[in-house]
Amino acid sequence: MYLGGLGRSGTTLLERLLGEIPGVVALGEVVHLWERGVLAAELCGCGRPFPACPFWRQVGERAFGGWTRGHAERVLTLRRQIDRTRRIARIHHPDLAEYAAAYRALYAAVGAPVVVDSSKHASLACCLVAAGGVDVRVVHVVRDPRAVAHSWSKLVPRPEDGRPMTRWGPARTALHWWAQNAALELLPGRGARVTRVRYEDLVARPGSTLEALARELELGEPDLSFVEGRSAWLGPSHTASGNPMRFHVGRVELRRDDAWRAEPRTARRLVDVLTWPLRARYGYAGQAA
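My aim in this report is to walk through the structure given alongside it, one point at a time.

About the cut-offs
- The residue count restarts for each chain, going from 1 along the sequence in the order it is written.
- Whole-chain, interface and lining totals are the exception, using all residues; otherwise, since this is a predicted model, local features are given only for residues with pLDDT of at least 70 and side-chain atom pairs are given and counted only at 80 or more.
- With hydrogens and water stripped out, all remaining heavy atoms of the structure feed into the side-chain values.
- Here, a salt bridge means any Lys or Arg side-chain nitrogen found within 4 Å of an Asp or Glu carboxyl oxygen.
- Summary of the burial criterion: residues with accessible area below 20% of their type's maximum are buried, those above 50% are exposed, and those between are partly exposed, where the area comes from a 1.4 Å probe applied to protein chains only.
- We call a pair of cysteine sulfur atoms a disulfide when they lie within 2.5 Å.
- Paired strands, as defined in this entry, are two strands with at least two bridges between them according to DSSP.
- Helix numbers and strand numbers start at the N terminus; a helix is a DSSP run of H or I with at least 4 residues, a strand a run of E with at least 2.
- Expected helix span is given by 1.5 Å per residue-to-residue step, counting one fewer step than there are residues.
- Any pair of Phe, Tyr and Trp rings, taking the six-membered ring for Trp, is counted once the centres come within 6.5 Å. Such a pair is stacked with planes under 30 degrees apart, edge-to-face with planes over 60 apart, and tilted for the rest.
- The rule for a charge over a ring is simple: NZ of Lys or CZ of Arg within 6 Å of the ring centre, and within 35 degrees of the ring normal.
- Between N-to-C directions, angles span 0 to 180 degrees; the directions come from axes that are lines fitted to C-alpha atoms, helices contributing only their stretch in contact.
- An angle below 35 degrees is treated as roughly parallel, one above 145 as roughly antiparallel, one from 65 to 115 as roughly perpendicular, and anything else as oblique.
- Here a crossing is taken to be left-handed if its near helix is turned anticlockwise relative to the far helix by less than a right angle, and right-handed if that turn runs clockwise.
- Any two residues whose heavy atoms approach within 4.5 Å are treated as being in contact.
- Each residue is assigned to one of three groups, with Ala, Val, Leu, Ile, Met, Phe, Trp, Tyr, Cys and Pro labelled nonpolar, Asp, Glu, Lys and Arg labelled charged, and all others, Gly among them, labelled polar.

### Some points on the pattern of salt bridges
Part 1 of the reasoning: All chains considered together, the criterion is met by 16 salt bridges.
Part 2 of the reasoning: Aspartate 258 serves as the salt-bridge partner of arginine 256, at 3.1 Å between the closest nitrogen and oxygen.
Part 3 of the reasoning: Assessed through its relative accessible area of 41%, arginine 256 is described here as partly exposed.
Part 4 of the reasoning: Arginine 279 is the salt-bridge partner of aspartate 272, the closest N and O atoms lying 3.8 Å from each other.
Part 5 of the reasoning: A relative accessible area of 4% means that aspartate 272 is categorised as buried.

Structure representation (structure tokens):
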């Protein structure tokens, strides 16, 4: 399962929930694994540095004979050449097969029936579909762009080193929201199987939303006993990259964050204008109060 969408749209939450289903293993944002995990030795979701994590050490040995700087740098070079949003309409490249093969080998080395990659970028999903050789089911995660813009404006420290995560203003967030979601809309035309999930539905009705998603993705009748009303119990994970929630273990309350409604009217109207008509397509047509 490939989770696509703009950051701060709920992909990490959905990934953590899916990772609790038996037979499903959540990997985090694999697109960043090569730089942040292999090269920078950042923390795995289990709390260990990536090179010291037994799970990832085993995956690396199975997939590539071990993690090496040279291989990681090669994948990053290929990403810069191939994996670009502007290429989705025509993503052909002589090295596409080599690039996609690195991801296929990694997924297979996990040894699970289903893996979840929350890399988000529509372009990587397109690469995997275009190259073939792996059954990719794309889950398009959307959230009200005004809430997304509010989240990107907040100061959030990175748990790895305490440095602040990237912050964007409302105009930049709105444009990225529109571009990434529009790109994901193109994937069915490239042969991808895409299912859409709204963040607001997930937090309001986690059990039924996960059940519907499981049916759509042909996962059968999953054990969702870890969900209790609007809360869930999360165990340790081995997510390679993502927001701070990937380190959470224990009970998590699923609450909708409507703090964006307190944003200045000018900022909200700017996001309204820049995200129309996709905002209406996803059920966010109402104007900000």
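### Digging into the state of the cysteines
Part 1 of the reasoning: For the coordinates displayed, the defined rule picks out zero disulfides.
Part 2 of the reasoning: Of all cysteine sulfurs, the one in cysteine 46 lies closest to cysteine 44, which takes part in no disulfide; the gap is 3.6 Å.
Part 3 of the reasoning: Using a relative accessible area of 0% as the deciding quantity, one classes cysteine 44 as buried.
Part 4 of the reasoning: Distance from the sulfur of cysteine 53, which forms no disulfide, to the nearest cysteine sulfur (cysteine 44) is 3.8 Å.
Part 5 of the reasoning: Owing to a relative accessible area of 0%, cysteine 53 belongs among the buried residues under this scheme.

### Things to note about the sheet that holds strand β8 (residues 250-253)
Part 1 of the reasoning: Pairing in this open sheet of three strands is antiparallel, and the strands run β6-β7-β8 from one edge to the other. With one partner strand each, in any of the chains shown, β6 (227-228) and β8 form the two edges of the open sheet.
Part 2 of the reasoning: Pairing analysis gives four bridges linking strand β7 (residues 231-234) to β8, with the strands arranged antiparallel. Across the sheet, the residue bridging to leucine 234 is glycine 250, located in β8.

### Some words on helix α6 (residues 122-131)
Residues that lie three or four places apart on an α-helix share one face, since the helix turns once every 3.6 residues.
Part 1 of the reasoning: Counting buried positions over the ten residues of α6 gives seven, a clear majority of the element.
Part 2 of the reasoning: Taken as a whole, α6 has its buried residues at Ala122, Ser123, Leu124, Ala125, Cys126, Cys127 and Leu128.
Part 3 of the reasoning: Looking one or two residues beyond α6, the residue adopting positive phi is glycine 132, at roughly 75°.

### Some points on unusual backbone geometry
Part 1 of the reasoning: The amide bond that connects tryptophan 276 to the next residue, proline 277, takes the cis arrangement and shows omega of 10°.
Part 2 of the reasoning: Here proline 277 shows up in the loop between α11 (265-275) and α12 (278-281).
Part 3 of the reasoning: Here alanine 41, not a glycine, exhibits a phi torsion of approximately 55°, which is positive.
Part 4 of the reasoning: The residue alanine 41 is located in the loop between α2 (33-39) and α3 (54-64) in this model.
Part 5 of the reasoning: In this structure, lysine 120 takes a positive phi of about 80° despite not being glycine.
Part 6 of the reasoning: Within the fold, lysine 120 resides in strand β3 (residues 114-120).
Part 7 of the reasoning: Note on lysine 120: relative accessible area 10%, which makes it buried.

### Comments concerning the pairing of β7
Part 1 of the reasoning: In this structure, β6 lies alongside β7, joined through two bridges in antiparallel fashion. The partner of valine 227 across the bridge, within β7, is alanine 232.
Part 2 of the reasoning: Where β6 folds back onto β7 in an antiparallel hairpin, the turn is made up of two residues, including glycine 229, whose phi is positive at roughly 65°.

### What about helix α8 (residues 170-185)?
Part 1 of the reasoning: Over its 16 residues, α8 runs 22 Å from end to end, which matches the ideal 22 Å to within 8%, given 1.5 Å per residue.
Part 2 of the reasoning: Looking only at α8, the buried set comprises Thr173, Ala174, Trp177, Gln180, Asn181, Ala182, Ala183 and Leu184.

### As for the packing of aromatic side chains
Part 1 of the reasoning: Taken as a whole and assessed by the stated rule, the structure comprises twelve aromatic pairs.
Part 2 of the reasoning: Between tryptophan 34 and tryptophan 67 the ring centres are 6.1 Å apart and the planes differ by 65°, which places this aromatic pair in the edge-to-face class. Pair noted here: tryptophan 34 is in helix α2 and tryptophan 67 is in the loop between α3 and α4 (69-82), with a separation of 33 residues, a long-range link.
Part 3 of the reasoning: Overall, tryptophan 67 belongs to the partly exposed group, its relative accessible area being 22%.
Part 4 of the reasoning: Three or more aromatic residues link up through ring pairs in this structure, and these residues are Trp34, Phe50, Phe55, Trp56, Phe64, Trp67, Tyr99, Tyr103 and Tyr107.
Part 5 of the reasoning: It is arginine 8 that lies over the ring of tryptophan 152; its NZ or CZ is 4.5 Å from the centre.

### Re the packing of α4 against helix α5 (residues 96-110)
Part 1 of the reasoning: The geometry of α4 relative to α5 is characterised by a closest axis approach of 10 Å and an angle of 125° between their N-to-C directions. As summarised for this structure, α4 and α5 are arranged oblique, according to the angle between their axes. Classified by chirality, the crossing of α5 by α4 is left-handed. On α5, the residues touching His71, Arg74, Val75, Leu78, Arg79 and Ile82 of α4 are Leu96, Glu98, Tyr99 and Ala102.
Part 2 of the reasoning: Split into classes, the residues belonging to the contact of α4 with α5 amount to six nonpolar, one polar and three charged.

Remember, this is a structural readout, not a statement about activity or role.
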